[in-house]
Amino acid sequence: MLQGTVKLLKQAKESCLEDKFRKNNLVHLPAEGELVVTGDLHGHHRNFERVKNFADLENNPERHLVLQEIIHGSPQDSNCNCPSFRVLLEAARYKVKFPHRVHIIMGNHDTACITNSDVLKNGQEMNQLMRDALKSRYEDSSKMVIDATSDMLFSQPLAVKCANGLWLSHSLPSNRFVNKFKTDIFERQLVKEDFVKPGSVYLLTWGRKQTQQTLDKLAEMLGVKVFLLGHQPSPEGWKYLGENAVIITSEHNQGCIVKLDLSEECTAEKITKNIIKLASLK
Ligand SMILES: [Mn+2]
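### Notes on the pairing of strand E12 (residues 245-248)
Argument step 1. Burial along E12 is two-sided: Ala 245 and Ile 247 and Val 246 and Ile 248, pointing in opposite directions, are all buried.
Argument step 2. Examined bridge by bridge, strand E10 (residues 226-229) and E12 share 3 bridges and lie parallel to one another. For Phe 227, the partnering residue across the bridge sits in E12 and is Ala 245.
Argument step 3. Sheet topology places strand E11 (residues 238-242) next to E12; 4 bridges connect them, and they run antiparallel. When the bridges of E12 are listed, Trp 238 appears paired with Ile 248.
Argument step 4. Between the antiparallel neighbours E11 and E12 lie 2 residues.

Put into structure tokens, the structure is as follows:
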């Protein structure tokens, strides 16, 4: 079991790095094919199963799937720990099976795992709770699994830029930090400092509170028209962040995904018209 898990995580890391649509730390999708996007999954196993069934990549060779923030938040196990790594392992398996069509982008929970720092969710510190779940499952060898998990997460791309004007990332820098945000993170080798405040990977994945002015500035900086993001809570499953930005989440019973035609120009309105409730899927 241990060797299989470590091997899978290493293969997933290689698949992340070898994604043929990836250039440095960005995935560039062309103006053809289809795109299915999830918001944060936070260990929601049933919703991940629905996403996989719906995406059906086996039978849809032109379709891409973007996943984000898979860890932290499953129902607690019998020791009150967080077994969300199981969903990550399933996503890793899917990534290895479709290395060029499953794209897992960096979330702030991933950065917390990579830097072994705190991330609070509903008043609980999730980084430690997932490490504790790994310890109870893998006992003395858990460090190997934790290290392989961190390595795999570190290898993820930061965002997806589509030829139709759409940008996908977990979040965006906040109003306060937008002037400190450096876009060279998309083009160079990343180092651990990038993942710690005020490093730009940190700002990209942890940022909250973006005014329309900030969104417009970032759209210009990144050369895109519209943002589709996760990260911010959305009890209804989705919400407008601004006139050119939509947030979705896939972590609860109101959770959603979005399916888009990559050959059509993308707008925020088009995104909201293509929202699919996960509860409606098998
Ligand atoms: Mn997040």
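Now, onward.
### Quick look at the sheet that holds strand E13 (residues 256-261)
Argument step 1. Read across the open sheet, the 5 strands follow the order E5-E4-E3-E13-E14; overall the sheet is mixed. Strand pairing shows two members of the sheet lacking a second neighbour, strand E5 (102-105) and strand E14 (275-277), which therefore form its edges. Averaged over neighbouring strand pairs, the angle between their axes works out to 25° when direction is ignored.
Argument step 2. Sheet topology note: the E13/E14 ladder contains 3 bridges and is antiparallel. From the neighbouring strand, Val 258 faces E14, where its bridge partner is Ile 275.
Argument step 3. Each of strand E3 (34-40), strand E4 (63-68) and E13 touches helix H2 (residues 45-55); the most contacted strand, E3, lies at about 175° to it.

### Digging into the environment of Pro 61
Argument step 1. Within the fold, Pro 61 resides in the loop between H2 and E4.
Argument step 2. When the C-alpha atoms of Pro 61 and Glu 34 are compared, they prove to be 9.3 Å apart, with 27 residues separating the residues in sequence.

### Here's the deal with helix H8 (residues 212-222)
Argument step 1. Along H8, the positions that sit buried rather than exposed are Thr 214, Leu 215 and Leu 218. Down the axis, H8 shows its buried residues gathered within 100° of arc, on one side only. Turned more than 90 degrees away from the buried face of H8 sit Gln 212, Gln 213 and Glu 220, all of them exposed.
Argument step 2. In this structure, the buried residues of H8 make contact with E10, E11 and E12.
Argument step 3. Just beyond H8, the residue with positive phi is Gly 223, at close to 70°.

Calculation rules
Residues numbered from 1 in each chain as written. Predicted model: local features only at pLDDT ≥ 70, side-chain atom pairs only at ≥ 80, totals over all residues. Buried ≥ 20, exposed ≤ 12 C-beta atoms within 10 Å, placed from the backbone. Helix = DSSP H or I, 4+ residues; strand = E, 2+ residues; numbered from the N terminus. Pairing = 2+ DSSP bridges. Axes fitted to C-alpha atoms, helices over the stretch in contact; angles between N-to-C directions. Contact = placed C-beta atoms within 7 Å. Arc of directions from axis to C-beta.

Keep in mind these values describe shape, not function.
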